[in-house]
Amino acid sequence: MTSERRVVVTGVGLISPVGIGTENTWKAITAGVPGIATITQFDPTEYDCKIAGEVKGFDPTNWIERKDVKKLGRFAQFAVAATHMALADSGLKIDDANAERVGVLIGAGIGGFEVIEREYRTLLEKGPSRVSPFFIPATIINLAAGQVSIRTGAKGPNSAVATACTTGAHAIGDAFKIIQRCAADAMICGGVEAAITPLSVAGFCAMRAMSTRNDAPAAASRPFDRARDGFVIGEGGGILILEELEFALRRGAPILAEIVGYGMSSDAYHLSAPLENGDGILRVMRNALADAGLLPEQIDYLNAHATSTPLGDRGEARAMMTLFADTSRRVAVSSTKSMTGHLLGGSGSLEAGLSVLAIRDQLAPPTINLEDPDPEIWLDLLPNHSRPLPIACAMSNSFGFGGTNGCLIFRRYPTYTAA
């Protein structure tokens, strides 16, 4: 690891198809509870894929004034809510003394798709004068970060990431580097997504990327299983509070883990298909390890990107088997997308948060629906049950369309012990 400033995680806020709130999500994930069901947000009858991981029972007025709800797309509502959770978890108070040193970096892969679709229908049916004045602010991706900044008073660096399904990981990694180079002392960061909409699902169906196991939704997302047939779209996301170590220690913050490595790479290969040999994935994991100053054998748990697609899971597995070589069977690997589905731009930060909680509780979450493992994959995939595990270092992988890759590494902070 470089001699730059050390950065720690002091708060986690999660919203997912298996639970609203960090502990609710974590409890369901470690119990192996699936969050996939038939779509209710629109009528999916004519769609090849009729299932998704919806966030159930989300009421934005628990975090946002009723009069302001219409100003935010659902993705930004998730960001504001998860930020409230993460700040409460960390105990960080933003005030005049520190506001200019607290930044926000939150992204999304698609942004306010449901608002675009709704307002376009309004345009066609009622004319341009009836389009909402909040249409643009409720849609554009950087308004998740903007709304969080406005509502928390954070006046430091403010930015957004939009790198498809790598968004959440890149947002956290970029925030980590902002603190390392002394441009901020704390960052509110992560990714969110709310793209379970008619047009979005139709588009992914047209690409033949989604599972059509409509008769068994709970079993549809099955990473690394021989019978996997495509990903299941999900929604939600995660927000992490990152702080410079001394800044956190001075205020007595709870330190959940230390973030020590961040890697980026590109496949430079295809619009949506991964390299079959996993070369870009192998390079991004090596880059993260180099940034952290760690060896592959020092990783105890890896939260895989694995989305339940035939090519994607195999390419990532090949990269992991190459990286870990003779220790491949020792490293515990799981895909929590087996329960949540794929949150697109929100997946990387949700899974980073789960990796931090795995370190906190020394408990590795499972890969559910793993009944017939792909015979080409010889990894410890934690089938169907969580496992108590000494976890000193955890890795989280994320990859996106265009061949953009991100990898984060977290380490147990020496003085932290779980309650």
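Further up the page is the structure itself.
Calculation criteria
- Residues numbered from 1 in each chain as written.
- Predicted model: local features only at pLDDT ≥ 70, side-chain atom pairs only at ≥ 80, totals over all residues.
- Heavy atoms only, no water.
- Patch = residues over 30% accessible without salt bridge, like charges linked within 9 Å, V, L, I, M, F, W, Y side chains within 5 Å.
- Areas by Shrake-Rupley, 256 points an atom, 1.4 Å probe, with all protein chains shown as cover.
- Salt bridge = Lys/Arg side-chain N within 4 Å of Asp/Glu carboxyl O.
- Helix = DSSP H or I, 4+ residues; strand = E, 2+ residues; numbered from the N terminus.
- Buried < 20%, exposed > 50% of the residue type's maximum accessible area, 1.4 Å probe, protein only.
- Core = buried A, V, L, I, M, F, W, Y, C linked by side-chain atoms within 4.5 Å.
- Axes fitted to C-alpha atoms, helices over the stretch in contact; angles between N-to-C directions.
- Parallel < 35°, antiparallel > 145°, perpendicular 65-115°, else oblique.
- Left-handed = near helix turned anticlockwise from the far one by under 90°.
- Contact = heavy atoms within 4.5 Å.
- Nonpolar A, V, L, I, M, F, W, Y, C, P; charged D, E, K, R; others polar.
- Phe/Tyr/Trp six-rings, centres within 6.5 Å; stacked < 30°, edge-to-face > 60°.
- Pairing = 2+ DSSP bridges.

Chemist: Would you mind showing me how to read a nonpolar patch on the surface here?
Modeler: A cluster of nonpolar residues, Tyr 120, Leu 123 and Leu 124, forms a patch on the protein surface that exposes about 310 Å² of accessible area. Its location among the elements puts Leu 124 in helix 3 (residues 113–126). Judged by relative accessible area, which is 58%, Leu 124 ranks as exposed.

Chemist: Would you explain the nonpolar core in this entry?
Modeler: Among soluble globular proteins, nonpolar side chains are generally buried collectively. In terms of nonpolar packing, the biggest core is built from 45 residues, with Leu 240, Leu 242 and Phe 410 touching the most fellow members. Listed by contribution, the elements that provide at least two residues to this core are strand 1 (7–16), helix 1 (22–30), helix 5 (167–180), strand 7 (186–193), strand 8 (236–244), strand 9 (257–266), helix 11 (347–361) and strand 15 (404–411). Of all hydrophobic cores here, the second largest spans 35 residues; its members include Ile 15, Met 85, Ile 94 and Ile 239.

Chemist: For this particular structure, what's the right way to read the packing of helix 8 (residues 279–292) against helix 9 (residues 310–324)?
Modeler: Packed helix pairs are specified by the crossing angle of their axes together with the interaxial distance, meaning the distance between the axes. Taken N-terminus to C-terminus, the directions of helix 8 and helix 9 make an angle of 45 degrees; their axes are 8 Å apart at the nearest point. Here helix 8 lies oblique to helix 9, going by the angle between them. The way helix 8 lies across helix 9 gives a crossing that is right-handed. Residues Ile 281, Leu 282, Met 285, Arg 286 and Leu 289 of helix 8 form the contact with helix 9, whose participating residues are Gly 315, Glu 316, Ala 319, Met 320, Thr 322 and Leu 323. In the contact of helix 8 with helix 9, the residues fall into 7 nonpolar, 2 polar and 2 charged.

Chemist: Honestly, the packing of aromatic side chains in this entry has me stumped. Any pointers?
Modeler: The geometry of an aromatic ring pair is captured by the separation of the ring centres together with the interplanar angle, meaning the angle of the planes. Enumeration according to the criterion identifies 5 aromatic pairs in this entry. Between Phe 204 and Phe 401, the aromatic rings sit 6.5 Å apart at their centres with planes inclined by 55 degrees, giving tilted as the arrangement. Of this pair, Phe 204 sits in helix 6 (residues 198–206) while Phe 401 sits in the loop between strand 14 (393–400) and strand 15, placing them 197 residues apart in sequence.

Chemist: Looking at this structure, I do not really get the pairing of strand 7. What am I missing?
Modeler: On a regular strand, one side chain projects to one face of the sheet and the next to the other, so that they alternate. Burial of strand 7 is extensive: 8 of the 8 residues sit out of reach of the surface. A two-sided burial pattern is seen for strand 7, the buried positions comprising Ala 186, Ile 188, Gly 190 and Val 192 on one face and Met 187, Cys 189, Gly 191 and Glu 193 on the other. Taken together, the 6 bridges between strand 5 (residues 102–107) and strand 7 define a ladder with parallel strand orientation. Its bridge partner lying in strand 7, Val 102 is registered against Ala 186. As paired strands, strand 7 and strand 8 are joined by 8 bridges and run antiparallel to one another. The partner of Ala 186 across the bridge, within strand 8, is Glu 243.

Chemist: How should unusual backbone geometry be read in this particular structure?
Modeler: The general pattern is negative phi for most residues beyond glycine and trans for most peptide bonds. For Phe 224, which is not glycine, the phi torsion reads 70 degrees and is therefore positive. Mapping Phe 224 onto the fold places it in the loop between helix 6 and strand 8. The phi torsion at Gln 362 lies on the positive side, around 55 degrees, for a residue other than glycine. Tracing the chain through its elements places Gln 362 in the loop between helix 11 and strand 12 (363–364). We classify Gln 362 as buried; its relative accessible area is 18%.

So yeah, pure geometry; function would need other evidence.
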